[in-house]
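# Report on the structure
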Amino acid sequence: MSSAPQPISVYARWRPLAATEAEVGEFEHAESQPNGSLHTVSISPKPPNKEKPWSSSPAFKGVFGQEDDNATIFNQIVAPVLPKVLQGATYNYFAYGHSGSGKTHTIIGYDYEHESQVGLSLAAARALFAELDLHNANANEEKLCIGLSVFELRKNAAFDLLNGRTQCHIRQGADGKTHVRGPTVTLEGGKVRVQPIVQRACWTYDDLRRELQESLGRRAVGSSSVHDQSSRTHAVLELEIVNSRLIDARQALYDRQSELVPVGKHADDVQVEEQIKGIIPLEGGGYKPNPDYQINQARIDAAEADRAKFEARVKEAEEQIESITRAETRDTPRLGGRLVFVDLAGSEYQNDPRSSQALLPKQTPQERQEGRQINTDLLALKEVIRACASGQERIPFRSSPLTMVLREHFLAGKEGSSTMIVTASSAQSQYGATLNSLKYGSLVGVSGK
């Protein structure tokens, strides 16, 4: 995999006002294209709000109005990349905004029956299945399906929503890659298996939609000052083109890794045991060689040889996966094409004394605590995007669990890109929150130019 970071594009989306918001009214907002390419967004509050008008830099690739439904957005920013996904590319989509601004509606949707209202992730899955069904009906090769993974990130852990919301740990391995692994299970013969995030093979769109609905029902939500079912976690949905051979090869790798764990632990134990026997402590502190014991180097070498044998089996399994995913085929679709959709937790904000308190929702202590953690993740995401765009040698992926998990997607190479959709509300009561969201999107958009 190439280490070149993906470019990023930023869009803004205005959601329609709720009936109660429409009664109060909305603030003024407009857009322009001063350079003929990127858009500028301008907003201006109405009394009694005392905030100043604000205009962004040319940073937004496009702006969607209140009349634009999910189908319109899908056709403009997702549908055009599907041919490249079918050729093996990776594309990422983030929804960013304050609670109640329409992030979950954009990424997932609440109406699963009407084509114009399903979220971008389900619309993409439906379009991909249409292509896969054509391929599977006419291909002599093995049939393809979509591998679905759904998990959420909260604080320093991940929760696998396809596996009963099992808590998983986020670690960086010796290979520099981030691994998200579930609890350790001890098997027969001392084998230890650490199950990764579940990837469910879905062979039809209906199967995938059902799995997604059930898994998202396990997502943690909480009451927010602006939304009674506010998402308090970042949800990550991954769609990957896979086949049975690739699924089996990955399972074989997990098995080889499970076999390696006890063998590696035994080699470490032997090494430590022999070293301890070979020294004796001094009364004044420190150690000296034990004259009555000769370190059994042959025992150490035998244990290390066993470790090397099982490490070689792991490497062989990894190479098998690599050969499957990189195998040249005359036709598309190709294995490994991936779409990643991230429904970010609501960006929280603090009440600003310069603004009318009557128009700003008050936050509870729990909301403020959650908001600080969410803001930490979102700040880390912004800094990663800026570092990628500016070509910095060191990209701070380890600044938060969110950016650690997304590392491999950001480094998916030239074949792909990342897109951020800033969801915003023009309700007068949401001026401060919308201002903060647009400022964030503007900074990301300028960095990604």
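Within each chain, residues carry numbers counting from 1 in the order of the written sequence. Since the coordinates come from a predicted model, pLDDT governs what is reported: local features require at least 70, and pairs of side-chain atoms require 80 or more to be given and counted, while whole-chain, interface and lining totals use all residues. Working from all heavy atoms in the structure, the side-chain values ignore hydrogens and water.

## Re the overall build of the protein
Helix numbering and strand numbering both begin at the N terminus, where a helix is a DSSP run of H or I of at least 4 residues and a strand a DSSP run of E of at least 2. When its secondary structure is counted, the protein shows 12 helices and 19 strands. Buried residues are those whose accessible area, probed at 1.4 Å on protein chains only, stays under 20% of the maximum for their type, while exposed residues exceed 50% and partly exposed ones sit between those limits. When burial is assessed residue by residue, the protein has 50% of its 449 residues classed as buried.

## Quick look at unusual backbone geometry
The omega torsion of the bond from Pro-47 to Pro-48 falls at 5 degrees, within 30 degrees of zero and hence cis. By the element assignment, Pro-48 lies in the loop between strand E3 (40–44) and strand E4 (54–55).

## Brief notes about the confidence of the model for the protein
A score from 0 to 100, pLDDT tells how confident the predictor is in each residue. Looking at the protein as a whole, the pLDDT averages 85, with 88% of positions reaching at least 70. Whether two residues touch is decided by their heavy atoms; if any such pair falls within 4.5 Å, the residues are in contact. Contacts from residues 223–229, a stretch scored under 50 in pLDDT, to residues over four places away or in other chains number 20 contacts. For the stretch residues 349–360, pLDDT sits under 50, and the model shows 29 contacts to residues farther than four places along the chain or on other chains.

## A few points about the sheet that holds E3
Two strands pair under a simple rule: DSSP has to find at least two bridges between them. Within the open sheet, the three strands sit side by side as E2-E3-E4. Their pairing is antiparallel. Unpaired on one side and paired on the other, strand E2 (28–32) and E4 mark the two borders of the sheet. Across five bridges, E2 lies against E3 in antiparallel orientation. Bridging from a neighbouring strand, Ser-32 pairs with Thr-40 of E3.

## Some remarks on the side chain of Asp-377
With respect to the helices, strands and loops of the structure, Asp-377 is situated in helix H9 (residues 365–389). Here Asp-377 sits buried without a salt bridge, and the closest side chain of opposite charge, Arg-154, lies 9.5 Å off (N-O distance). Here Asp-377 is in contact with His-234, Ser-400, Pro-401 and Leu-402, once residues within four sequence places are set aside. His is not counted, nor are the chain ends; Lys and Arg add positive charge and Asp and Glu add negative charge. When a carboxyl oxygen of Asp or Glu lies within 4 Å of a side-chain nitrogen of Lys or Arg, that pair is called a salt bridge.

## Notes on the state of the cysteines
Pairs of cysteine sulfur atoms within 2.5 Å are what we label disulfides. Applying the stated criterion across every chain yields a total of zero disulfides. Left without a disulfide partner, Cys-202 is nearest to the cysteine sulfur of Cys-145, which lies 7.3 Å away. Residue Cys-202 is classed as buried on the basis of its relative accessible area of 1%.

## Description of the packing of helix H7 (residues 244–277) against helix H8 (residues 297–325)
Orientation is described by lines fitted to C-alpha atoms, with helices fitted over the stretch in contact, and by angles between N-to-C directions that extend from 0 to 180 degrees. With their axes 8 Å apart at the nearest point, H7 and H8 run at an angle of 160 degrees to one another. Here H7 is positioned roughly antiparallel relative to H8, judged by the angle of their axes. Judged by the twist between their axes, the crossing of H7 over H8 is left-handed. Amino acid classes used here: Ala, Val, Leu, Ile, Met, Phe, Trp, Tyr, Cys and Pro are nonpolar; Asp, Glu, Lys and Arg are charged; the rest, including Gly, are polar. Broken down by class, the residue content of the contact of H7 with H8 amounts to 14 nonpolar, seven polar and 14 charged. Note on terminology: angles under 35 degrees are roughly parallel, angles over 145 are roughly antiparallel, angles of 65 to 115 are roughly perpendicular, and the others are oblique. Handedness of a crossing follows from how the near helix is turned relative to the far one, being left-handed for an anticlockwise turn of less than a right angle and right-handed for a clockwise one.

## Thoughts on the UniProt feature "binding site: ATP" (unreviewed entry) in the protein
UniProt positions are given in the numbering used here, feature names are shortened, and annotations may be inferred rather than shown by experiment. Here, UniProt's "binding site: ATP" (unreviewed entry) annotation points to Gly-97, His-98, Ser-99, Gly-100, Ser-101, Gly-102, Lys-103 and Thr-104. Here Gly-102 lies in the loop between strand E6 (90–96) and helix H4 (103–107). If we ignore the near neighbours within four places in the chain, the residues touching Gly-102 are Arg-15 and Thr-423.

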